[in-house]
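Examination of the molecular architecture
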Amino acid sequence: MAQKPSIPKGTRDFSPIETARRSYIFDTIADVFRNYGFSSIETPSMENLSTLMGKYGEEGDKLLFKILNSGDFGANLNDEEVRQAHRICEKGLRYDLTVPFARYVVQHQNEITFPFKRYQIQPVWRADRPQKGRYREFYQCDVDIIGSRSLLNEVELISIVERVFRNLGINVVLKLNNRKVLYGIAEVMGHADKMIDITVAIDKLEKIGLDNVKAELAERGIEAEAVAKLEPILTLSGSTAEKLAQLETILAASETGLKGVEELRTVFSAVEALGVKLEVELDLSLARGLNYYTGAIFEVKAKDFAIGSICGGGRYDNLTGIFGMPDVSGVGISFGADRIYDVMSGLNLFPEYVDRTTKILFLNLGEKEVLESLRIAESFRDGWSCEVYPDAAKMKKQMEYANRRQIPYVVIIGSNELAEGKATVKNMTTGEQSLVAFDEIANYIK
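Presented here is an overview of the structure given in this document. (Residues numbered from 1 in each chain as written. Predicted model: local features only at pLDDT ≥ 70, side-chain atom pairs only at ≥ 80, totals over all residues. Heavy atoms only, no water.)

**Notes on the environment of Thr320**
Note that Thr320 resides in the loop between strand E10 (311–316) and strand E11 (330–336). Thr320 sits in the buried class, given a relative accessible area of 1%. Considered as a pair, Thr320 and Glu187 are 133 residues apart in the sequence and their alpha carbons are 26 Å apart. If we skip the residues at most four places from it in the chain, Thr320 touches Ala102, Val105, Val106, Ile146, Met325 and Val328. (Helix = DSSP H or I, 4+ residues; strand = E, 2+ residues; numbered from the N terminus. Buried < 20%, exposed > 50% of the residue type's maximum accessible area, 1.4 Å probe, protein only. Contact = heavy atoms within 4.5 Å.)

Rendered as structure tokens:
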């Protein structure tokens, strides 16, 4: 019995329409990146585990796909030694594009002009539990500026977010926080040593609620008195300026926390001065679980569609230091193409033309006729996508093919048309058809 074909959970096949829509997303995002002066790079699908491990926190490390050593590795070993050797993994599939980017910068530092502005659109892999909006293989569209500490870079990324989602037609809110503020909160609570525990817990505020966050903090060994200092911070009210003023008072004893407040104030002021229309919201519960963030952190959510964040990122001051190149600051943001796709599909935001891979179908009505169709189709291909039906099948079958493919125009050249030097051009949307001279077909369709 033949094996039933299948693919691993959390992965997907993409149909021609889905691929066309995904390309539309990638192209729209890449166009914006290029317009801000970013250049494209690519890195391998797999990295050395030494590159990946310890960069994403304890939970992130558990989600790394590890690759077994194979090939010639066990060629001269006996069966038991092969079994032992194959337990060893030296490589893993990349978890994100940021850590490989840091590795790339260090490895190629002598070829790079700093500040280095790069974008990268490639798949990443996470051994997560598959669910709606969460996949094990998915694409990220990253844009980073490395080699500059200027907060203008944060402002530019916010402007990029606005332009990308405006061009895609998605109504979003960008949530902004700062890891220095989170460290200040941990200091004020008297638990600077447990900042990671605190941030992991408060990052779940929106999902599990304040009471459950407090319970989780208690489980992590943080006493009620310290937790009580956190609650007023997470429930601040008023305008952004008012919240920052209140936060400044609360964090007065933390030099790092105050530095974070000042950075947030600078970014919010610049965004306002720039006239950015994107909704930018201060969210002090936003922590983002990745350990390498040191300053601003971003998260973007769709306002009209229920799904997790569709974009996120932040400032990292020493990510390259782990590869022997310390004190190189960078900031970046990653667009989750797969979730963006789900939002656009759910809200029917894709332009109609995106789904049409072919604009004109030439029917095949005989040997001489199809040669003329091939000639004309070839002349159209500099501007339009054209197909010539490969088989001299019944006209009904060929027309059904055009309908199923949603091809908007059909060009019919039979023996009579060939003799007259004209073709019957049918608009498949309206049903209208006309007899048009060969050299006028292009103008007619326009």
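Next, the rest of the story.
**Focus: the pattern of salt bridges**
Enumeration over the complete set of coordinates arrives at 20 salt bridges. Residue Glu263 pairs with Lys180 through a salt bridge whose shortest N-O separation is 3.2 Å. One end of the pair, Glu263, is in helix H12 (residues 255–274); the other, Lys180, is in helix H7 (residues 179–188), and 83 residues separate them in sequence. The exposure class of Glu263 is buried, given its relative accessible area of 12%. Its relative accessible area of 15% is what places Lys180 among the buried residues. In this structure, Arg265 engages Glu248 in a salt bridge whose closest nitrogen and oxygen atoms are separated by 3.4 Å. Of this pair, Arg265 sits in helix H12 while Glu248 sits in helix H11 (residues 240–250); the two residues are 17 residues apart in sequence, bridging distant segments of the chain. For Arg265, a relative accessible area of 24% gives the class partly exposed. (Salt bridge = Lys/Arg side-chain N within 4 Å of Asp/Glu carboxyl O.)

**What about the state of the cysteines?**
Covalently bonding the sulfur atom of one cysteine to the sulfur atom of another cysteine gives a disulfide. Here the structure, examined in full by the defined rule, presents zero disulfides. Free cysteine Cys311: the closest other cysteine sulfur is in Cys141, separated by 9.3 Å. Judged by its relative accessible area of 2%, Cys311 is buried. (Disulfide = S-S within 2.5 Å.)

**Observations regarding the sheet that holds strand E2 (residues 46–48)**
In spatial order, the strands read E2-E4-E3; together these three strands make up an open sheet with antiparallel pairing. Looking along the sheet, the strands with just one partner apiece sit at the ends: E2 and strand E3 (66–68). Here the average twist between neighbouring strands, direction ignored, is 45°. Examined bridge by bridge, E2 and strand E4 (residues 89–93) share three bridges and lie antiparallel to one another. Across the sheet, Met46 pairs through a bridge with Leu93, a residue of E4. (Pairing = 2+ DSSP bridges. Axes fitted to C-alpha atoms, helices over the stretch in contact; angles between N-to-C directions.)

**Let's talk about helix H1 (residues 16–35)**
Taking 1.5 Å of rise per residue, 20 residues should cover 28 Å, and H1 covers 28 Å from first to last C-alpha, within 8% of that figure. All buried positions along H1 are accounted for by Ala20, Arg21, Arg22, Tyr24, Ile25, Phe26, Thr28, Ile29, Ala30, Val32 and Phe33. Close packing links the buried residues of H1 with strand E5 (116–125), strand E6 (137–146), helix H6 (152–168), E11 and helix H13 (337–346). Gly37 occupies a position one or two residues after H1 and carries a positive phi of about 90°. (Expected span 1.5 Å × (residues − 1).)

**Things to note about the pairing of strand E9 (residues 296–302)**
On a regular strand, each side chain points to the face opposite its neighbour's, so the side chains alternate between the two faces of the sheet. Of all seven residues in E9, seven are buried; the element is thus mostly enclosed. Where burial is concerned, the two faces of E9 agree: the one with Ala296, Phe298, Val300 and Ala302 and the one with Ile297, Glu299 and Lys301 are both buried. In the sheet, strand E7 (residues 172–178) pairs with E9 via seven bridges, with the strands oriented antiparallel. Paired with Leu176 across the bridge in E9 is Phe298. Bridge count between E9 and E10: four bridges; the pairing is antiparallel. Counterpart to Glu299 in the pairing with E10 is Gly312.

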